[in-house]
Amino acid sequence: MNKKLVLFFILSHVCIHSDVKPRAKVGLLVMATGKYTLFLPELFASADTYFLPNHDCTYFVFTDGQVPLSDHVIRIEQKRLGWPYDTMMRFKVYYDAREQFKDFDYLFACDADMLFVDTVGDEILGERVGTQHPGFSLPHQRKDDYERNGASTACVHEAEGQYYFAGGFYGGSTQEFLRMAFICTQNIIIDLNHNIIAQWHDESHLNRYFIDYPPTVILSPSYCYPDLWDLPFDKKLLALTKNHNEFRSNP
């Protein structure tokens, strides 16, 4: 057999059966207005080490402050909207910036007050990716925190839902992420026009979306692990303890 054909066959066989995904362009989206910029240096330093190390990652920061200088950090101006709009309107902020993401394969949204402590690799790459909320991962814990107001577009009825997902880390392919951002934005605007705000804001709408469009990858609470908790999961991405009222107030 021709040597070139043999080599082609070997390489093709390796590519087909390898679990390693081709190198991808990945965007990590972080909303960091007001005092949340304080978390950015450590978040980015940890991401440089642990976040998809076999891929090309860019950090998009939506902020009214300063960000660490880097060739893979892109700052996007974002004024404070006030509580709870700073968190609730994140889907709209992400969707409005969609032109920035047109060359990317995957997008992941991550809270600013997070810290990568172990490798987060190819296992997170999928079309729609959700993280089980650590507060509802064990049998003895509360059943759920779904929005139950039937007038809200985020409402989840009693017969619906298997997992409750955290708003601290989620993502997927760029196309699917932007579809999610668009639909959740439309639903939030409908609610606001009826003077309705879902109980857990963007997280409530994320959970409604994941019932209508189930995640293709479901991550354990390892990827949103409260730093002072003791859970039977490996620690990969920590949710750092903070004074919520302090960070929600004006500087």
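Every value quoted in this text rests on a predicted model; they were computed, and no experiment measured them. (Residues numbered from 1 in each chain as written. Predicted model: local features only at pLDDT ≥ 70, side-chain atom pairs only at ≥ 80, totals over all residues. Heavy atoms only, no water.)

Caption draft 1: Just the overall build of the chain, in detail. Regarding its fold elements, the chain presents 7 helices and 10 strands. Within the chain, buried positions represent 51% of all 251 residues. At a minimum sequence separation of 6, the contacts of the chain that also span at least 24 residues come to 77%. (Helix = DSSP H or I, 4+ residues; strand = E, 2+ residues; numbered from the N terminus. Buried < 20%, exposed > 50% of the residue type's maximum accessible area, 1.4 Å probe, protein only. Contact = heavy atoms within 4.5 Å.)

Caption draft 2: Structural detail: the side chain of Ser46. Here Ser46 shows up in helix α2 (residues 40–50). A relative accessible area of 7% means that Ser46 is categorised as buried. Not counting residues up to four positions away in its chain, the partners in contact with Ser46 are Phe51, Leu115 and Phe116.

Caption draft 3: Highlighting the nonpolar core. Ranked by internal contacts, the top residues of the largest apolar core, which has 36 residues, are Leu28, Phe51, Phe108, Ile124 and Phe169. Counting residues per element, the ones that place at least two in this core are β1 (25–31), α2, β2 (56–63), β4 (106–110), β5 (114–116), β8 (217–219) and β10 (237–239). If one sorts the elements of this core by residue count, α2 sits on top with 4 residues. Non-local contacts of Leu28, meaning those with residues more than four positions away in its chain, are made with Ala47, Phe51, Thr58, Tyr59, Phe60, Phe108, Cys110, Phe116 and Phe169. Counting 26 residues, the second largest nonpolar core, distinct from the first, contains Leu29, Ile76, Ala97 and Phe165. (Core = buried A, V, L, I, M, F, W, Y, C linked by side-chain atoms within 4.5 Å.)

Caption draft 4: How the structure looks around helix α6 (residues 201–212). Compared with an ideal rise of 1.5 Å per residue, which puts 12 residues at 16 Å, α6 spans 17 Å between its outermost C-alpha atoms and is within 8% of the ideal. Within α6, 10 of the 12 residues are buried, which leaves it mostly tucked inside the rest of the structure. Those residues of α6 lying buried are His201, Asp202, Glu203, Ser204, His205, Leu206, Asn207, Arg208, Tyr209 and Phe210. (Expected span 1.5 Å × (residues − 1).)

Caption draft 5: Main features of the pattern of salt bridges. Within this structure, the stated rule accounts for 13 salt bridges. Glu77 serves as the salt-bridge partner of Arg75, at 2.6 Å between the closest nitrogen and oxygen. For Arg75, a relative accessible area of 34% gives the class partly exposed. Given the relative accessible area of 38%, Glu77 is considered partly exposed. Two residues, Arg148 and Glu158, come together in a salt bridge whose shortest N-O distance is 3.7 Å. (Salt bridge = Lys/Arg side-chain N within 4 Å of Asp/Glu carboxyl O.)

Caption draft 6: Quick look at the pairing of β2. Most of β2 sits out of view: 7 of its 8 residues are buried. Where β1 lies against β2, 7 bridges are found, and the strand directions are parallel. Paired with Leu28 across the strands is Tyr59, a residue of β2. Once you follow β1 into α2 and on to β2, the crossover reads as right-handed. Here 5 bridges tie β2 to strand β3 (residues 73–77), and the two strands are oriented parallel to one another. Bridging from a neighbouring strand, Thr63 pairs with Glu77 of β3. (Pairing = 2+ DSSP bridges. Right-handed = clockwise from strand over helix to strand, strands pointing away.)

Caption draft 7: Representation of the packing of aromatic side chains. According to the stated counting rule, one finds 18 aromatic pairs in the structure shown. With 6.0 Å between their ring centres and 45° between their planes, Phe91 and Tyr170 make a pair best called tilted. Of the two residues, Phe91 sits in helix α4 (residues 90–96) while Tyr170 sits in strand β7 (residues 169–173), which places them 79 residues apart along the sequence. Taken together through their ring pairs, the aromatic side chains of Phe62, Phe91, Tyr94, Tyr170 and Phe177 make up a single cluster. The residue whose ring lies beneath Lys25 is Phe104, and the NZ or CZ to ring-centre distance is 4.7 Å. (Phe/Tyr/Trp six-rings, centres within 6.5 Å; stacked < 30°, edge-to-face > 60°. Lys NZ or Arg CZ within 6 Å of the ring centre and 35° of its normal.)

Caption draft 8: Examining the environment of Glu123 more closely. Considering the arrangement of structural elements, one finds Glu123 in the loop between β5 and β6 (128–131). Sequence spacing of Glu123 and Val217 is 94 residues, and the spatial spacing of their C-alpha atoms is 8.3 Å. Once residues lying within four places of it in the same chain are set aside, the contact partners of Glu123 are Val217, Leu219 and Tyr223. There is a polar contact of 2.8 Å between the side chain of Glu123 and the side chain of Tyr223. (Polar contact = N/O pair within 3.5 Å; in protein donor to acceptor, adjacent residues only side chain to side chain.)

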